[in-house]
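# Structure at a glance
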Amino acid sequence: MMQPQEQATPPAIQVDRLYKSFGSLKVLREITTEIYKGEVVAVIGPSGCGKSTFLRCLNLLEMPTSGKIYINGEEITNPNTDAMRIRQNVGMVFQHFHLFPHMTVLNNIAYAPMKVKKVAKEEAREQARDLLGKVGLGEKADTYPSRLSGGQKQRVAIARALAMNPDVMLFDEPTSALDPEMVKEVLEVMKAVSDTGMTMAVVTHEMGFAREVADRIFFLDGGKIAEDAPPSEFFTAPKSDRAKQFLEKML
Amino acid sequence: MITLLNTSLDRFSDTFLLAQMNLDFSRIMPSLGFILGGIVVTLQFTFLSAILGFFWGTILALFKISKFKPLYWFGMAYTSIFRGTPLLVTLSLFYFATPQLTGYDISGFQAGVITFSLNSGAYVSEVIRAGILAVDRGQQEAALSLGVRYKPMMLDIILPQAIKNILPALVNESIALLKDSTLVSTIGAQDLLRRAQIVGAEKYVYFEPLLIVAVIYYVMVMVLTLAANYLEFQLRKSG
């Protein structure tokens with residue numbers, strides 16, 4: 001939805017020759033790319049190709065073995081950079097939600113703004129209520145997460161990440177742990193988030209979502225970005241055989 | 001109240017087998033108040049040691065999951081030493097060695113609280129460490145991804161969940177503390193057991209006062225157990 005911008009504003013995310021190994025296992029081999037402000041990128045590929053690891057490197061939940069990552073022009077892989085400060089601006093949504101089970105839904109959302117950004121309690125709760133309304137769960141404010149369905153939990157998790165007003169949102173297989181009938185409600189919320197102009201990187205198996213919402217598709221294979229194309233191009237005319245095989249299985 | 005108890009106990013021992021044991025509570029009845037006063041001492045002692053031991057144990061647990069090696073080794077060595085020595089030995093060491101080394105005289109009660117806190121900390125730290133490690137790693141990742149730093153993450157997110165999971169084990173530890181508190185009677189602190197012994201020595205009747213304190217200990221342990229069950233139930237409701 002947004003064209004790559006001129007050099008004046010740096011890309012929201014810039015990745016320069018990123019490598020990541022776990023012991024002798026090389027998971028990511030030289031990933032170099034940029035994601036511009038407001039872009040939605042769907043990261044797809046066969047399992048074990050490094051999709052999640054790539055995403056987790058972007059907020060330093062995994063430390064890259066080598067290479068550089070810049071968020072809004074700031075190098076986050078520099079050892080002197082405060083990872084915590086960077087993470088405040090990079091929201092993440094997990095496959096298994098990871099809501100805080102001992103806090104109410106409202107406190108789940110209001111906690112980080114209060115603790116990390118020192119937002120006043122009333123203001124944080126007000127904002128949390130507002131976000132809950134936006135994800136369609138206004139009436140669940142005082143419920144504990146254990147009482148929610150998977151789809152509801154994930155919507156709360158999205159609200160929790162948004163409460164920090166991040167510049168970038170990362171989604172790590174957000175619908176993979178959900179019952180099929182709950183996938184749609186989460187995807188709709190994600191689409192609404194993308195409509196606000198949020199920069200998003202989404203690891204997903206939902207080809208329909210990728211095709212409809214994403215501006216670009218990253219097809220990862222063997223720890224590399226094998227293809228980087230708009231969905232119209234990728235889904236109709238994939239360049240590599242691997243991508244063709246993958247799409248045959250998925251569609 | 002006491003006379004009522006006395007008469008009912010008399011009736012009890014008249015009508016049942018206890019009569020054949022020659023139980024005679026009447027001789028120690030004047031000292032009953034003195035014995036019951038030991039409840040306060042015992043509870044104070046247990047409560048103080050449990051609280052101090054819990055805080056110390058939490059700190060030790062954090063040492064033991066620390067990536068900073070000296071803290072890790074300190075925590076491990078500390079636990080090993082306190083778990084590897086009999087409580088009665090460390091208790092006597094603190095009571096008798098402290099005046100010799102520092103010139104300060106400490107009361108049996110003080111020596112007891114210090115020793116029991118340090119000892120309990122070693123045991124509790126293992127429980128808390130296991131509890132922390134049992135909290136889903138995703139909780140930590142969620143906190144990190146929101147930019148929450150180590151201290152608030154531990155205090156607000158990880159520890160509350162860890163402690164909820166290990167609550168039964170913590171209560172068992174405080175029950176063990178309550179029962180082990182009888183050891184301080186050996187260094188002159190006037191706890192329940194010590195008072196029963198004093199009364200026994202005065203009146204030349206040992207069975208009755210000891211029987212009374214045994215029942216009191218049992219009741220206290222049961223109350224603690226029931227309270228714990230209730231607490232656990234309440235916590236489970238919150239998911």
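The preceding data block contains the structure.
Structure report, in brief.

### Remarks on the packing of helix α2 (residues 32-64) of chain B against helix α5 (residues 108-134) of chain B
Residue and element names in this part refer to chain B. α5 packs onto α2 with a crossing angle of 45° between their chain directions and a minimal axis gap of 5 Å. The pairing of α2 with α5 is recorded here as oblique in orientation. Read as a crossing pair, α2 and α5 show a hand that is right-handed. Each residue belonging to the contact of α2 with α5 can be placed in one class, and the counts come to 17 nonpolar, 10 polar and 3 charged.

### Some words on the environment of Ala210 of chain A
All names here are of chain A. Looking at where Ala210 falls in the secondary structure, it is placed in helix α7 (residues 207-213). The spatial distance from the C-alpha of Ala210 to the C-alpha of Pro230 is 9.9 Å, given a sequence separation of 20 residues. Leaving out residues up to four positions away in the same chain, Ala210 has contacts with Ala42, Ile217, Pro231 and Phe235.

### Section: the nonpolar core
Counting residues in hydrophobic clusters, the biggest one holds 56 residues, and the most contacted among them are Ile13, Val15, Leu18, Phe54, Leu58 and Leu170 of chain A together with Val148 of chain B. The next biggest cluster of nonpolar side chains, apart from the first, holds 51 residues, and it includes Leu99, Phe171, Val186 and Ile217 of chain A.

### A few points about the sheet that holds strand β5 (residues 74-75) of chain A
Residues and elements named next belong to chain A. Pairing within the open sheet is antiparallel, and its 4 strands lie in the order β2-β1-β4-β5. Either end of the sheet is taken by a strand with one partner, and the two such strands are β2 (25-35) and β5. With 2 bridges joining them, strand β4 (residues 66-71) and β5 adopt antiparallel strand pairing. Within β5, the residue paired with Tyr70 across the bridge is Glu75. Set on the sheet, helix α1 (residues 51-58) makes contact with β1 (13-22), β2 and β4; between it and β1 the angle comes to about 120°.

### Let's talk about the pattern of salt bridges
Residue and element names in this part refer to chain A. Across all of its chains, the model carries 18 salt bridges over all chains by this definition. Ionic pairing is found between Glu233 and Lys239, a salt bridge with its closest N-O pair at 3.5 Å. Given a relative accessible area of 37%, Glu233 falls into the partly exposed group. By relative accessible area, Lys239 is classed as exposed at 57%. Lys244 serves as the salt-bridge partner of Asp241, at 3.9 Å between the closest nitrogen and oxygen. Within this pair, Asp241 and its partner Lys244 are both found in helix α9 (residues 241-250), separated by 3 residues, close to a single helical turn.

### As for the pairing of strand β10 (residues 224-229) of chain A
All names here are of chain A. Here strand β9 (residues 216-221) runs beside β10; their pairing, made up of 5 bridges, is antiparallel. Bridge pairing in β10 links Asp221 to Lys224. Counted between consecutive antiparallel strands, the loop separating β9 from β10 contains 2 residues, among which Gly222 sits at a positive phi close to 60°.

### Looking at the sheet that holds β9 of chain A
All names here are of chain A. Spatial strand order, β6-β7-β8-β3-β9-β10: 6 strands in an open sheet with mixed pairing. The open sheet terminates on both sides in strands that have one partner only, identified here as β6 (90-93) and β10. The mean inter-strand angle of the sheet, taken between neighbouring strand axes irrespective of direction, is 20°. When strand β3 (residues 40-44) meets strand β8 (residues 199-203), the two strands line up parallel, connected through 4 bridges. Across the sheet, Ala42 pairs through a bridge with Val202, a residue of β8.

The rules behind the values
Each chain has its residues counted from 1, running along the sequence as written. Written order determines the labels here, with chains lettered from A and ligands numbered from 1. Confidence filtering applies because this is a predicted model: local features only for residues at pLDDT of at least 70, side-chain atom pairs given and counted only at 80 or more, and all residues used for totals across whole chains, interfaces and linings. Side-chain measures were taken over the full set of non-hydrogen atoms in the model, leaving aside hydrogen atoms and water. Only C-alpha atoms enter the line fits that serve as axes; for helices the fit covers just the stretch in contact. Angles between N-to-C directions range over 0 to 180 degrees. By definition, any uninterrupted DSSP run of H or I lasting at least four residues is a helix, any uninterrupted run of E lasting at least two residues is a strand, and each is numbered from the N terminus. To sort the angles, those under 35 degrees are grouped as roughly parallel, those over 145 as roughly antiparallel, those from 65 to 115 as roughly perpendicular, and the leftovers as oblique. Working rule for handedness: look at the near helix, and if it is turned counterclockwise from the far one by less than a right angle, call the crossing left-handed; if clockwise, right-handed. The nonpolar class holds Ala, Val, Leu, Ile, Met, Phe, Trp, Tyr, Cys and Pro. Asp, Glu, Lys and Arg form the charged class, and all remaining residues, Gly among them, are polar. Here, residues are in contact when the closest pair of their heavy atoms is within 4.5 Å. Residues grouped as a nonpolar core are buried Ala, Val, Leu, Ile, Met, Phe, Trp, Tyr and Cys residues, joined through side-chain atoms within 4.5 Å. Exposure categories follow from relative accessible area, calculated using a 1.4 Å probe and restricted to protein chains: below 20% of the type maximum is buried, above 50% is exposed, and the middle band is partly exposed. Two strands pair if DSSP finds at least two bridges between them. By convention in these notes, a salt bridge is any Lys or Arg side-chain nitrogen within 4 Å of a carboxyl oxygen on Asp or Glu.

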